[in-house]
Amino acid sequence: MSMAAEERSVRAPWALTAPALMLFVGVLLIPLVMTVMLSFHDWGQYKGIEPVFILKNWHEIATDPYYAEMFWRTFRIAILTTVLTALLGAPEAYILNRMSGRWKSFFLLVILGPLLISVVARTLGWALLFGGNNGLVNKLLMSLGVMRSPIPFMFTETGMVIALAHVMMPFMVLSVWAALQRLDPQIENAAMSLGAGPVTIIRRIIMPQIMPGVLSGAIIVFSLSASAFATPAIIGGRRLKVAATLAYDEFLNTLNWPLGAAVATLLLVALVLIVVGSNALIERRYAEVFR
Amino acid sequence: MAYLELDRVAKQFGTQTVVDDFSLSVGKGEFISFLGPSGCGKTTTLQMIAGFLDPTRGAIRLEGKDLTAIHPAKRGLGIVFQSYALFPHMTAAENVAFGLEMRNVPRNERAERVRSALAMVGLAGYEDRHPRRMSGGQQQRVALARALVIKPSVLLLDEPLSNLDAKLREEMQIELRQIQRTVGTTTILVTHDQNEAMSLSDRIVVMSQGKIEQIGTPQETYEKPASAFVSQFLGKTNDFAGTIDRTATPAQLVAGSWSAPAPVGLSGPVTVSIRPERIGFGDAGLSAKIITRIFQGNHWLFQCDSECGPAIVIRQNDGKAQPGEGETVRLIWRPEDMSVRARTVA
Ligand SMILES: Nc1ncnc2c1ncn2[C@@H]1O[C@H](COP(=O)(O)OP(=O)(O)OP(=O)(O)O)[C@@H](O)[C@H]1O
Ligand SMILES: [Mg+2]
């Protein structure tokens, strides 16, 4: 190969990826770097943002127990949501997979359909059903005399977990569904012919094989739940804050951008560490199933 | 008494009859092949024996007991699937041990039986490998060991060798036959490969469109095919249009310029079938021109254009000179080498 051709073949991939690379740098990397830098700036009620380098915001987050509690709540909600979607979504995908042709496509549509509807609309639905004294379900139950006060749903962690689980369910079902597609269609018959009953088949044969799917679904659901904004904003409002809603408030209500940036940066770093770490763990653990 | 018996078994999916009037009795220790083209119902029949499908009609009995009343998990049959269906998250040894675990075989005995089963299929030392890290042939052996270790009453094999390349397939055929002989398990093999069926089985069940065409030893089905389908499906065959002339004395069977005394029974238009290797070149007989001559090592293959249509002739390479391309020859065969069937004239 001539020198010129070699040079061209080295440069070609860069030239070809340049547009996408520029978009990536422009809309993701630059704002990200700016946010991180912002988190080290100073802010005062009257002086606004001062472009200096101080650790004030980080110090505040590290020492004020309010932030520790808020972050702990964020991850607690995300973990509970993940567990709930896994517990409901994995069996759901399995049952769906066993259905015959027409029903399968119908129910798949039912499960994936919500993805087409805005998260806000779906969460507002929960609010309409359970929101205070005027929520439909609450009204019904109270008028029937089943309960005297509304079900505690709005502004509670339980409510947030339930609404988030509902929003995140399609991701879990899809992920497990993909893992189920990779199963040998005769694998259950093989286990049965060796004398295994239905429970043993699910526990010893199906579960271990779809576990990677459940776990990758869990990573998706966890990271989306921990950084979710719309659902916590509607269910939790300003009373029950999570990291995303807090950062939003700092940016748009308090106008303390540097503090908001610090919260957002911390959330991002924590999420990246958790996701990368658990991904590496899963891949090591399930090496033979992934191959 | 028959060991495994299928009595007029039929299977319908909706209105489509996939297996019909399937009757077969298998002796203990026998090696049976289901042979037929794709979609003829071989797998369906095997799955009914295994219990994964229920027959629409008919009975399946094992040692006189109704098998269809027993849950598939309790039938104690060994099955090797076309895709092997190994458990990918378990090692070879764990795969083989699974059936024993389900039978609550004590740990020590289990380990011993797993070890000897893997050794029997030539996989000693592969105990801790996962299936995905094994070759197709090795996976196939694990699947066989897994099915055999539970000492099944019947071994069912659904095209177990079809994913292997030609050389490995031949090796595995020989090995499979040897293992079956030593273990003595009654075996049913599903295949659409006639060579496989012939080299392995005691008897072949030739199937077409859900019906049995013929049951017989490999030799019987090859040399005395019960129908045109069987003779076409098992090896190459030449079909010549002929007529039986009963007005002549003695009655004559005539095909082009070839003629012989007519067999009893038939008259009018007939089809004369002769295997390519039973045709020779002579002085009088069916006139044909050699189109191509192909040398295949131990034999010669001639494609000819005869008075009664295309003909294939196979001659052993015995060192003698053979006619060349373009030459005109006369095709002859012994009357006992042909089979004659009535032919319906359109
Ligand atoms: N679950 C089913 N529902 C409807 N039709 C089916 C079903 N299973 C099989 N069939 C039909 O039954 C016929 C026989 O199928 P089967 O799998 O027994 O064929 P086979 O002889 O094993 O073919 P192959 O050599 O391709 O494996 C086919 O025409 C197939 O379309
Ligand atoms: Mg089949």
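So, here's what we can say about the structure.

What counts, and where the lines are drawn
- Residues numbered from 1 in each chain as written.
- Chains lettered and ligands numbered in written order.
- Predicted model: local features only at pLDDT ≥ 70, side-chain atom pairs only at ≥ 80, totals over all residues.
- Heavy atoms only, no water.
- Near = heavy atom within 4 Å.
- Polar contact = N/O pair within 3.5 Å; in protein donor to acceptor, adjacent residues only side chain to side chain.
- Helix = DSSP H or I, 4+ residues; strand = E, 2+ residues; numbered from the N terminus.
- Nonpolar A, V, L, I, M, F, W, Y, C, P; charged D, E, K, R; others polar.
- Pairing = 2+ DSSP bridges.
- Axes fitted to C-alpha atoms, helices over the stretch in contact; angles between N-to-C directions.
- Contact = heavy atoms within 4.5 Å.
- Buried area = accessible area lost by both parts, 1.4 Å probe.
- Phe/Tyr/Trp six-rings, centres within 6.5 Å; stacked < 30°, edge-to-face > 60°.
- Buried < 20%, exposed > 50% of the residue type's maximum accessible area, 1.4 Å probe, protein only.
- Lys NZ or Arg CZ within 6 Å of the ring centre and 35° of its normal.
- Core = buried A, V, L, I, M, F, W, Y, C linked by side-chain atoms within 4.5 Å.
- Salt bridge = Lys/Arg side-chain N within 4 Å of Asp/Glu carboxyl O.

Let us now look at the site of ligand 1. Residue and element names in this part refer to chain B. All residues adjacent to ligand 1 are Phe13, Gln16, Val18, Ser38, Gly39, Cys40, Gly41, Lys42, Thr43, Thr44, Glu159 and His192. In the model, an oxygen atom of ligand 1 is placed 2.4 Å from a nitrogen or oxygen of the Ser38 side chain. Contacts to ligand 1 include Thr44, whose side-chain N or O atom sits 2.5 Å from an oxygen atom. Those elements that provide at least two residues to the shell around ligand 1 are strand E2 (16-26) and helix H1 (42-50). The dominant element in the shell around ligand 1, judged by the number of residues it contributes, is H1, at three residues. Among the residues making up the shell around ligand 1, the classes are represented as three nonpolar, seven polar and two charged.

With that settled, consider the sheet that holds strand E18 (residues 309-316) of chain B. Residue and element names in this part refer to chain B. Pairing is antiparallel in the open sheet, where five strands are placed in the order E15-E19-E16-E17-E18. In this open sheet, the two strands that pair with only one neighbour each are strand E15 (280-282) and E18. Between one strand axis and the next, the sheet turns through 50 degrees on average, direction left out of account. The pairing of strand E17 (residues 299-306) with E18 spans eight bridges and is antiparallel. Bridging across to E18, Cys304 finds its partner in Ala311.

Of the residues lining the interface, 19 residues belong to chain A; the matching set on chain B comes to 25 residues. Interface area for chain A against chain B, summed over the two sides, is near 2,100 Å², with a carbon-plus-sulfur share of 62%. Listed by contribution, the elements that provide at least two residues to the side of chain A that touches chain B are helix H8 (187-193), helix H9 (198-226) and helix H13 (287-290) of chain A. Grouping the amino acids of the side of chain A that touches chain B by side-chain chemistry returns nine nonpolar, six polar and four charged.

Next up on the list: the packing of aromatic side chains. In the structure shown here, the tally under the stated rule is 21 aromatic pairs over all chains. Summarising the aromatic geometry, the rings of Phe40(A) and Trp58(A) are spaced 6.0 Å apart at their centres and angled 35 degrees between planes, so their arrangement reads as tilted. Of the two residues, Phe40(A) is situated in the loop between helix H1 (3-38) and strand E1 (42-44) and Trp58(A) in helix H2 (residues 56-63); the sequence distance between them amounts to 18 residues. Exposure remark for Phe40(A): the relative accessible area of 18% places this residue in the buried category. Aromatic side chains Phe106(A) and Phe107(A) sit 5.3 Å apart centroid to centroid with 80 degrees between the ring planes, which places their arrangement in the edge-to-face category. Three or more aromatic residues link up through ring pairs in this structure, and these residues are Phe40(A), Phe53(A) and Trp58(A). In this arrangement the basic side chain of Arg239(A) is found over the ring face of Phe155(A), its NZ or CZ atom lying 3.8 Å from the centre. Between the NZ or CZ atom of Arg275(B) and the centre of the ring of Tyr222(B), over which it lies, the distance is 3.9 Å.

This next bit is on the nonpolar core. Core analysis: the biggest nonpolar cluster contains 111 residues, and Leu4(B), Phe22(B), Phe34(B), Phe87(B), Leu144(B) and Leu156(B) have the highest contact counts within it. Examining the composition of this core, we find that 13 residues originate from one element, helix H7 (residues 157-181) of chain A, more than from any other. For Leu156(B), the contacting residues outside a window of four places in its chain are Leu46(B), Ile49(B), Ala50(B), Leu77(B), Gly78(B), Ile79(B), Val80(B) and Ile188(B). Core analysis: the next-biggest nonpolar cluster, separate from the first, contains 26 residues, Ala260(B), Leu286(B), Phe302(B) and Cys308(B) among them.

In this section: unusual backbone geometry. Unlike most non-glycine residues, Leu255(A) shows phi in positive territory, near 65 degrees. Mapping Leu255(A) onto the fold places it in the loop between helix H11 (243-254) and helix H12 (257-285). Unusually for a residue other than glycine, Glu63(B) sits at a positive phi of about 50 degrees. Along the chain, Glu63(B) turns up in the loop between strand E4 (57-62) and strand E5 (65-66).

So, about the pattern of salt bridges. Residue and element names in this part refer to chain A. According to the stated counting rule, one finds 25 salt bridges over all chains in the structure shown. When the shortest N-O distance is used, the salt bridge between Lys47 and Asp42 registers 2.9 Å. By relative accessible area, Asp42 is classed as buried at 10%. With its nearest N and O atoms 3.8 Å apart, the salt bridge here joins Arg73 to Glu157. Of this pair, Arg73 sits in helix H3 (residues 65-98) while Glu157 sits in helix H7, placing them 84 residues apart in sequence. Judged by relative accessible area, which is 10%, Arg73 ranks as buried.

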